[in-house]
Amino acid sequence: MVSRYKNVKYLAQSVGESTIFKVEEGAGIFFQDATETVTFAAYYPYQNEDAGSLPGTVTVNTKDNNGTNTQKNIDFLFATGATASKSSSTVQFADNTSKDSKFGGVDSRFKHQMAQLKLIVQASTSDGFIVEEAKAVCDEESKYVLTSGLIHEGTFTISVSEEGEATGIAEAGKTTSNSDWDITKCVYQNSDDQMSRTYTLILLPQESSSFYFKATIGGQVYISEDFNPTLSAGKTCSYTIIVKKTGLDIEGCKIAEWEKSSIAEEDIYVEIQ
């Protein structure tokens, strides 16, 4: 039955606290058998307009797509295990592991397939800076660079096995970048007191090589010791980088689940016809 169901783009609509996905009338997925139970999978963002086939392998480049308007293009999400039938036609992409769940008994929420690296650049007023100097961390003239060591090119592959098992996997390629990556204009947020800037980068899962963090603040160049983050699918690796007059101090990596964003980890309901 896999070949008889389509790769269809559904659009999100908020209904109360839930998000419902709908498609134009007549363009959706239709049950091929009135009695069968179907297991559904879904991915984000939608990759092609050919409803007759899956997009297969999508090329990924994280170096060029971590800007404010482009980062959503590489935040790949995947969900599977949600079941529905003609008589119960709402596909519930949710955590259905509770004993009383009637939607398949598995955690079928959308999950991040990429890795997230969070760098918190923080000026210390207790180590040589006055407040105005510390605020230069958020100045438009400041510059931040990661010196090589990352794999930026890879793939996101959506596939279905002969047994009907669907997967959506992000994988890094084999080539490590040898050039510096200027992250100054990548996605960031300044703190209210203007003495801290947090960069939130989306990267391919990988065992990265060691690299350095270089900051140019107030005309002064600071270079960190090398560090090697753990970049795992669905995880956030965070470093706090403290800028002092004498140099940069990097606190150890903290690894946690990727926080909710977009539709990840939320309960999603898709109406199938």
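Provided above is the structure to which this section pertains.
Peer 1: Please explain the sheet that holds strand β10 (residues 153-160) as it appears in this structure.
Peer 2: Note on sheets: strands pair through backbone hydrogen bonds, and any given pair is parallel or antiparallel. One open sheet holds the three strands; their spatial order is β4-β10-β11, and the pairing between them is antiparallel. A single partner strand is all that each edge strand has here, and the edge strands are β4 (57-61) and β11 (166-172). Taking each pair of neighbouring strands and ignoring which way they run, the sheet shows an average axis angle of 15°. As judged from the five bridges shared by β4 and β10, these two strands associate in the antiparallel manner. Across the sheet, the residue bridging to T57 is T157, located in β10.

Peer 1: Sorry, what's going on with the nonpolar core here?
Peer 2: By size, the foremost hydrophobic cluster in this structure holds 32 residues, and its most contacted members are L117, L119, Y144, L146, I183 and F213. Of all the secondary-structure elements, those providing two or more residues to this core are β8 (115-123), β9 (143-147), β14 (196-203), β16 (212-217) and β19 (235-244). With five residues, β8 is the largest single contributor of residues to this core. Sequence-distant contacts of F213, defined by excluding residues within four places in its chain, comprise L119, V121, Y144, V145, L146, I183, Y222, I223, S224, F227, I241 and L248. Counting 19 residues, the second-largest nonpolar core is a separate cluster that includes F21, F40, L77 and I272.

Peer 1: I tried to follow the packing of aromatic side chains on my own but got confused; where do I start?
Peer 2: Aromatic rings considered in pairs are described by the distance between their centres and by the relative angle of their planes. All chains considered together, the criterion is met by nine aromatic pairs. Residues Y144 and Y199 carry aromatic rings whose centres are separated by 5.6 Å and whose planes lie at 65° to one another, so their mutual orientation is edge-to-face. In this pair, Y144 sits in strand β9 while Y199 sits in strand β14, placing the two residues 55 residues apart along the sequence. For Y199, a relative accessible area of 0% gives the class buried. Counting every residue linked through ring pairs, the aromatic cluster contains Y144, Y188, Y199 and F213. In this arrangement the basic side chain of R197 is found over the ring face of Y188, its NZ or CZ atom lying 3.8 Å from the centre.

The rules behind these values
Residues numbered from 1 in each chain as written. Predicted model: local features only at pLDDT ≥ 70, side-chain atom pairs only at ≥ 80, totals over all residues. Heavy atoms only, no water. Pairing = 2+ DSSP bridges. Helix = DSSP H or I, 4+ residues; strand = E, 2+ residues; numbered from the N terminus. Axes fitted to C-alpha atoms, helices over the stretch in contact; angles between N-to-C directions. Core = buried A, V, L, I, M, F, W, Y, C linked by side-chain atoms within 4.5 Å. Buried < 20%, exposed > 50% of the residue type's maximum accessible area, 1.4 Å probe, protein only. Contact = heavy atoms within 4.5 Å. Phe/Tyr/Trp six-rings, centres within 6.5 Å; stacked < 30°, edge-to-face > 60°. Lys NZ or Arg CZ within 6 Å of the ring centre and 35° of its normal.

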